[in-house]
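# Understanding the architecture of this molecule
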Amino acid sequence: MNSFQDSLQSLSTGSPPNEEQITALLSANAEQMPALLSAADKARRRGVGDAVHLRAIIEFSNYCRKNCLYCGLRRDNRSLTRYRLTEQQILDAAGEAAALGFRTVVLQSGEDLYYTPTVIARIIERVKNKYDLAVTLSLGEHSRQTYKTWREAGADRYLIKQETADEQLFKRLKPDTSLSRRVQCLCWLGELGYQTGSGNMVGLPGQSLHTLARDILLMRKLDVDMAGIGPFLPHPATPLKNAAPGNLELTLKTLAITRLYLPQTHLPATTALCTLAKDGRRLALSGGANVIMPNLTPPAVRDKYLIYPQKADIGEKPARALADITALLADLGRPLAGDRGHAVKNKPMAYPELA
Ligand code: SAM
Ligand code: SF4
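The paragraphs below set out a description of the structure included in this document.

Thresholds applied
- Residues numbered from 1 in each chain as written.
- Chains lettered and ligands numbered in written order.
- Predicted model: local features only at pLDDT ≥ 70, side-chain atom pairs only at ≥ 80, totals over all residues.
- Heavy atoms only, no water.
- Near = heavy atom within 4 Å.
- Polar contact = N/O pair within 3.5 Å; in protein donor to acceptor, adjacent residues only side chain to side chain.
- Areas by Shrake-Rupley, 256 points an atom, 1.4 Å probe, with all protein chains shown as cover.
- Nonpolar A, V, L, I, M, F, W, Y, C, P; charged D, E, K, R; others polar.
- Salt bridge = Lys/Arg side-chain N within 4 Å of Asp/Glu carboxyl O.
- Helix = DSSP H or I, 4+ residues; strand = E, 2+ residues; numbered from the N terminus.
- Buried < 20%, exposed > 50% of the residue type's maximum accessible area, 1.4 Å probe, protein only.
- Core = buried A, V, L, I, M, F, W, Y, C linked by side-chain atoms within 4.5 Å.
- Contact = heavy atoms within 4.5 Å.
- Expected span 1.5 Å × (residues − 1).
- Right-handed = clockwise from strand over helix to strand, strands pointing away.
- Phe/Tyr/Trp six-rings, centres within 6.5 Å; stacked < 30°, edge-to-face > 60°.
- Lys NZ or Arg CZ within 6 Å of the ring centre and 35° of its normal.
- Pairing = 2+ DSSP bridges.
- Axes fitted to C-alpha atoms, helices over the stretch in contact; angles between N-to-C directions.
- Arc of directions from axis to C-beta.

### What about the site of ligand 1?
The environment of ligand 1 is formed by 17 residues, the closest being Tyr70, Lys161, Glu163, Arg182 and Leu233. A distance of 3.2 Å separates a nitrogen atom of ligand 1 from a polar atom in the backbone of Ser109. Arg182 has a polar side-chain atom sitting 2.9 Å from an oxygen atom of ligand 1. In the complex, the protein chains occlude 93% of the 560 Å² of accessible area that ligand 1 would expose alone. Broken down by class, the residue content of the shell around ligand 1 amounts to nine nonpolar, five polar and three charged.

Written out as structure tokens, the structure is:
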């Protein structure tokens, strides 16, 4: 059995991690947490530097063909008022992001086939032609051909979280699909030249520390450029309404360990983490994170993109959010990144100074 200390020490050897080591790190107690978070902070500085990248997220449709048990946008949630933004509204939101100085927009939605691959491609082209923005898509599972069309239209990155690396748990929570199909999507996206983003939810009912360890190993195996680590938050209009929310400390540990084993991957301070804890952004940035994703969805529809309740960014005004971020970063002594923030992976993986 690996102890916490042995596992932390073994990082300095640069040897590949195993499930036992990661589980030992995930078991860190309150006394051991500061050492883990500080190691992650050092790994973050060495792997991706001090700069914090901003990505403006535009949630353009809350229609979804899927029925994920945890998500408020699931097709069987009849209590949700559905909306779709027009092409022009999406373009206007991207324009607002560009005017505020963002270098990336993330276009996210449920799996909504109302927007055909051609329409999405046209939106990508219009955003790219009009503004100097990197475009990240987060539109769920589609065919390789569709991903190719969007890549050719100019999309730079794609986020599609694995959610959980436990095949059976995945099938239970996402009955319309399978883990292997999700991983296949990530592989296609990588082949097509996208920067890829995965991620998981911490605290899903039925998840164990071993599951979380396998999540980290899978993200490492897929060599993802970005990983969104956030707590599961129960939504009252879903079958998981009575489940307990993910735990703050375990989410921070998962984020920190992901940083230790994926040193050059972009790791956001997720909105779910900020929803769980008021100071979630500060905690995440101090324990491995280097990305913030402010919400640029038009205020008129924002409260309808309710994947879980009390979403932290519902009432946030972009200019105000930027002022808060600037103040937080000044306090943490971290600069805002001035570039588009593509992931760069060319540095050695070992961390001799951590031991
Ligand atoms: N439909 C696309 C997909 O599933 O990849 C993108 C939109 S989906 C709403 C974005 C992310 O929301 C998912 O990857 C999932 O991790 C997260 N999410 C959904 N329901 C959640 C919940 N109850 N708690 C925390 N995160 C949740
Ligand atoms: Fe749809 Fe994504 Fe929500 Fe699943 S997680 S129901 S695919 S929006």
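### Section: the pattern of salt bridges
Taken as a whole and judged by the stated rule, the model has 26 salt bridges. The salt bridge involving Arg45 is made with Asp41; its shortest N-O contact spans 3.7 Å. In this pair, Arg45 and Asp41 both sit in helix α3 (residues 33-48), four residues apart, roughly one turn of the helix. On the basis of relative accessible area, Arg45 is assigned to the partly exposed category, the value being 44%. Linking Lys66 and Glu141 is a salt bridge whose minimum nitrogen-to-oxygen distance equals 3.5 Å.

### As for the site of ligand 2
Close contacts around ligand 2 come from Cys64, Lys66, Cys68, Tyr70, Cys71, Leu73, Arg74, Gly110 and Lys174, and that covers them all. A breakdown of the residues in the shell around ligand 2 according to their chemical character gives five nonpolar, one polar and three charged.

### Quick look at the nonpolar core
Leu36, Val105, Leu137, Tyr147, Trp150, Tyr158 and Tyr194 are the most contacted members of the largest nonpolar core, which has 95 residues in total. For Tyr147, the residues in contact, after removing those within four places along its chain, are Gly140, Glu141, His142, Tyr158, Ile160, Cys185, Trp188, Leu189, Leu192 and Tyr194. Listed in part, the six residues of the second largest apolar core include Ile57, Val106, Leu159 and Val291.

### What about α3?
For α3, with 16 residues, the first-to-last C-alpha span of 22 Å sits near the 22 Å given by 1.5 Å per residue. Within α3 the residues assigned to the buried category are Met33, Leu36, Ala39, Ala40, Asp41, Ala43, Arg44, Gly47 and Val48. On the buried face of α3, the contacting elements are α1 (4-10), α2 (19-26), α10 (248-261) and α12 (280-286). Gly49 lies just past α3 and shows a positive phi near 85 degrees.

### Quick word on the pairing of strand β7 (residues 226-231)
Of all six residues in β7, six are buried, a share of seventy percent or more. Both faces of β7 are covered, namely the face carrying Met226, Gly228 and Gly230 and the face carrying Ala227, Ile229 and Pro231. On the question of chirality, the crossover connecting strand β6 (residues 195-202) to the parallel β7 by way of helix α9 (residues 209-222) is right-handed.

### What to know about the packing of aromatic side chains
For the coordinates displayed, the defined rule picks out five aromatic pairs. Summarising the aromatic geometry, the rings of Tyr147 and Tyr158 are spaced 4.9 Å apart at their centres and angled 70 degrees between planes, so their arrangement reads as edge-to-face. In this pair, Tyr147 sits in helix α6 (residues 144-152) while Tyr158 sits in strand β5 (residues 157-159), placing the two residues eleven residues apart along the sequence. The residues Tyr147 and Tyr158 share a single accessibility class, namely buried. Every member of this aromatic cluster is reached through a ring pair, and the members are Tyr147, Trp150, Tyr158 and Tyr194. Geometry around Tyr63 places Arg84 over its ring, the cationic atom sitting 3.7 Å from the centre. One residue, Arg151, lies across the ring of Tyr194, its end atom 5.7 Å from the ring centre.

### Comments concerning the sheet that holds strand β3 (residues 104-109)
Strands sit in the order β2-β3-β4-β5-β6-β7 across an open sheet of six strands; the sheet is parallel. If you trace the sheet from one side to the other, it starts and ends with β2 (56-61) and β7, each paired once. Adjacent strand axes in the sheet meet at a mean angle of 20 degrees when their direction is disregarded. Bridge analysis of strand β4 (residues 134-138) against β5 gives two bridges, and the strand direction is parallel.

### Thoughts on α6
Looking at α6, one finds that the buried residues are Thr146, Tyr147 and Trp150. The buried residues of α6 all sit within an arc of 100 degrees when viewed along its axis, so they share a single face. On the buried face of α6, the contacting elements are α5 (117-130), β4, β5 and α8 (179-191). Backbone geometry just downstream of α6 places Gly154 in the positive-phi region, at approximately 120 degrees.

### With respect to unusual backbone geometry
Backbone geometry at Glu163 places phi at a positive 70 degrees, although glycine is not the residue there. Take Glu163: it is sitting in the loop between β5 and α7 (167-173). Look at Asp223: it is not a glycine, yet its phi comes out positive at around 50 degrees. Inspection of the secondary structure puts Asp223 in the loop between α9 and β7. Judged by relative accessible area, which is 46%, Asp223 ranks as partly exposed.

Scope: geometric values only; no functional claims are made or implied.
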